[in-house]
Amino acid sequence: MAQQAYVTETADDGPGPGRRQSRLRRLLHRIARGWRGDRRIWRRGIVLAALAVVLSLVLGLHAHIPNRIGNLGSLVETFLPWFGLLIPVLLVLALVRKSATALIAVVLPVAAWVHLFGGLLLDRTAAGGDLTVATHNVNADNPDPAGTAREVAASGADVLALEELKPSAVPAYEKALRSTYTYHSVQGTVGLWSKYPLSGVRPVDIRLGWTRAMRATVDTPEGPVAVYVAHMPSVRVRADAGFTAAQRDQSADALGEAIADERLPRVILLGDLNGTMNDRSLNAVTAQMRSTQGAAGDGFGFSWPAAFPMARIDQIMVRGVEPVSSWTLPRTDSDHLPVAARVNVTTPATGS
């Protein structure tokens, strides 16, 4: 009997998992005892339950939120993962209100959020790959172009795309990257640096009137790859006009057409698209390419704003090559984080 008493005391009050589990059981027991016999637990919290249902509908049916008024649908889709923060709020309020109805209703947005984004919480990165690529919106007002260039080059990228290149700063980027990259081309405000030869370099018309996109063939040891660099027009949220993205949407359609017409089977898109993979307005591009972050990343990979990243608007997308890993790079003097990916150019579908 003495030994039995000792074991029981250790499980309840000693350190370790046993003590934590005992505390949790006591807490759950107190909650159940407080709710037992309370006939109002099903009538309380109807408003909370309704809010949980609305949240689940927003998550599950976001593609049906209309864009006709202020591009509301695209705005919601840009920050859609963050709607999950409302779930613990609803859960706590349901517990405070002692509402069984609200607690059950909270299961709906949980299921919807996990269906949409649960896979991104897993580490899908793998070893290997034969080509490393990176992209960075360097910010036209970057105070240290050379330092930013060196920091991104330190990622080991074989192919590097830069966007928002200020003409007066281009020589600084070229000088800083000259020792790492033998080949490069700058078209308008975007540029491509490569350790491998470039050919077929040309600007891509994305219906802006000036050049913010380009295309080049990178002759990798595993074969040619068509690489596109793009910087979509900026979007704004305005009280009088909502989510102003019409120009970006038109440019995305034009970029999608150019990529659809690409003759090479292996294609990589690098750039700042000013939109996320969830944004329906980028379907012309996203419908025909895979996100390296979605396929082989670890987490959401948010890239903007650099001080507190809330959305991944800097994208690496591929077609005809296999993503192996994808990640964000350390912050530079830009307001965007650089992003990088490693891919297999030689895949079963395209090579030996």
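Preceding this section is the structure that the text describes.
Residues numbered from 1 in each chain as written. Predicted model: local features only at pLDDT ≥ 70, side-chain atom pairs only at ≥ 80, totals over all residues. Heavy atoms only, no water.

1. Here we look at unusual backbone geometry
Step number 1: A cis geometry characterises the amide bond from Trp304 onward to Pro305, with omega recorded as -10 degrees.
Step number 2: With respect to the helices and strands, the residue Pro305 is situated in the loop between α11 (292-296) and β12 (314-319).
Step number 3: Located in the positive-phi region is Glu164, a residue other than glycine, with phi close to 60 degrees.
Step number 4: Considering the arrangement of structural elements, one finds Glu164 in the loop between β2 (159-163) and α8 (170-177).
Step number 5: In this structure, Asn274 is a non-glycine residue whose phi angle is positive, near 50 degrees.
Step number 6: Looking at the secondary structure, you find Asn274 in the loop between β10 (267-272) and α10 (283-286).
Step number 7: Overall, the relative accessible area of 11% leaves Asn274 in the buried class. (Helix = DSSP H or I, 4+ residues; strand = E, 2+ residues; numbered from the N terminus. Buried < 20%, exposed > 50% of the residue type's maximum accessible area, 1.4 Å probe, protein only.)

2. So, the layout of surface pockets
Step number 1: A volume near 380 Å³ is recorded for the largest pocket.
Step number 2: Around the largest pocket sit 15 residues that line it, and Phe117, Leu120, Met277, Asn278 and Gly294 are the ones nearest its centre.
Step number 3: The residue inventory of the lining of the largest pocket, partitioned by class, reads seven nonpolar, seven polar and one charged. (1 Å grid on protein atoms, 1.4 Å probe; cavity = no way out; pocket = protein on both sides within 12 Å on 5 of 7 lines; lining within 4 Å. Points joined across faces, edges and corners; volume = space filled by probe spheres on them. Nonpolar A, V, L, I, M, F, W, Y, C, P; charged D, E, K, R; others polar.)

3. Considerations on the pattern of salt bridges
Step number 1: Overall, the coordinates contain seven salt bridges when judged by the stated rule.
Step number 2: Glu77 is the salt-bridge partner of Arg280, the closest N and O atoms lying 3.1 Å from each other. Highlighted residues: Arg280 in the loop between β10 and α10 and Glu77 in helix α4 (residues 72-78), separated in sequence by 203 residues.
Step number 3: The partner of Glu257 in a salt bridge is Arg207, with the nearest N and O atoms 2.8 Å apart. Of this pair, Glu257 sits in helix α9 (residues 246-260) while Arg207 sits in the loop between β5 (198-203) and β6 (213-220), and the two are 50 residues apart along the sequence.
Step number 4: Look at Arg207 and you get partly exposed, because its relative accessible area is 44%.
Step number 5: Where salt bridges share partners, they join Arg248, Asp249 and Asp279 into one cluster. (Salt bridge = Lys/Arg side-chain N within 4 Å of Asp/Glu carboxyl O.)

4. Quick word on the pairing of strand β4 (residues 190-194)
Step number 1: Burial analysis of β4 places five of its five residues in the buried class, the great majority of the element.
Step number 2: Where burial is concerned, the two faces of β4 agree: the one with Val190, Leu192 and Ser194 and the one with Gly191 and Trp193 are both buried.
Step number 3: Relative to β4, β2 is paired through five bridges, and the arrangement is antiparallel. Following the sheet pairing, Leu160 is matched in β4 by Trp193.
Step number 4: Hairpin connection of strand β3 (residues 183-187) to β4: two residues between the antiparallel strands, including Gly188 at a positive phi of 65 degrees. (Pairing = 2+ DSSP bridges.)

5. Looking at a positive patch on the surface
Step number 1: Judged by side-chain charge, Arg39, Arg40, Arg43 and Arg97 come together as a positively charged surface patch.
Step number 2: Along the chain, Arg97 falls in helix α5 (residues 86-97).
Step number 3: On the basis of relative accessible area, Arg97 is assigned to the partly exposed category, the value being 42%. (Patch = residues over 30% accessible without salt bridge, like charges linked within 9 Å, V, L, I, M, F, W, Y side chains within 5 Å. Areas by Shrake-Rupley, 256 points an atom, 1.4 Å probe, with all protein chains shown as cover. Lys, Arg positive; Asp, Glu negative; His and termini not counted. Charge placed at Lys NZ, Arg CZ, Asp CG, Glu CD.)

6. Quick look at the environment of Glu151
Step number 1: With respect to the helices and strands, Glu151 occurs in helix α7 (residues 145-153).
Step number 2: For Glu151, a relative accessible area of 41% puts it in the partly exposed group.
Step number 3: Residues Glu151 and Ala176, 25 residues apart in the sequence, show an inter-C-alpha distance of 10.0 Å.

7. Some words on the packing of helix α3 (residues 46-60) against α5
Step number 1: With their axes 10 Å apart at the nearest point, α3 and α5 run at an angle of 160 degrees to one another. Accordingly, the angle class assigned to the pair α3 and α5 is roughly antiparallel. At the point where α3 passes α5, the crossing takes the left-handed sense. Within the contact between the two elements, α3 uses Leu48, Leu51, Ala52 and Leu55 and α5 uses Leu86, Ile87, Leu90, Leu93, Ala94 and Arg97.
Step number 2: When the residues that make up the contact of α3 with α5 are grouped by side-chain class, the tally is nine nonpolar, no polar and one charged. (Axes fitted to C-alpha atoms, helices over the stretch in contact; angles between N-to-C directions. Parallel < 35°, antiparallel > 145°, perpendicular 65-115°, else oblique. Left-handed = near helix turned anticlockwise from the far one by under 90°. Contact = heavy atoms within 4.5 Å.)

8. Here we look at the sheet that holds strand β1 (residues 131-137)
Step number 1: Within the open sheet, the six strands sit side by side as β3-β4-β2-β1-β14-β13. Their pairing is mixed. Single-partner strands in this sheet number two, and they are β3 and β13 (322-328). The sheet shows a mean angle of 15 degrees between the axes of neighbouring strands, taken without regard to direction.

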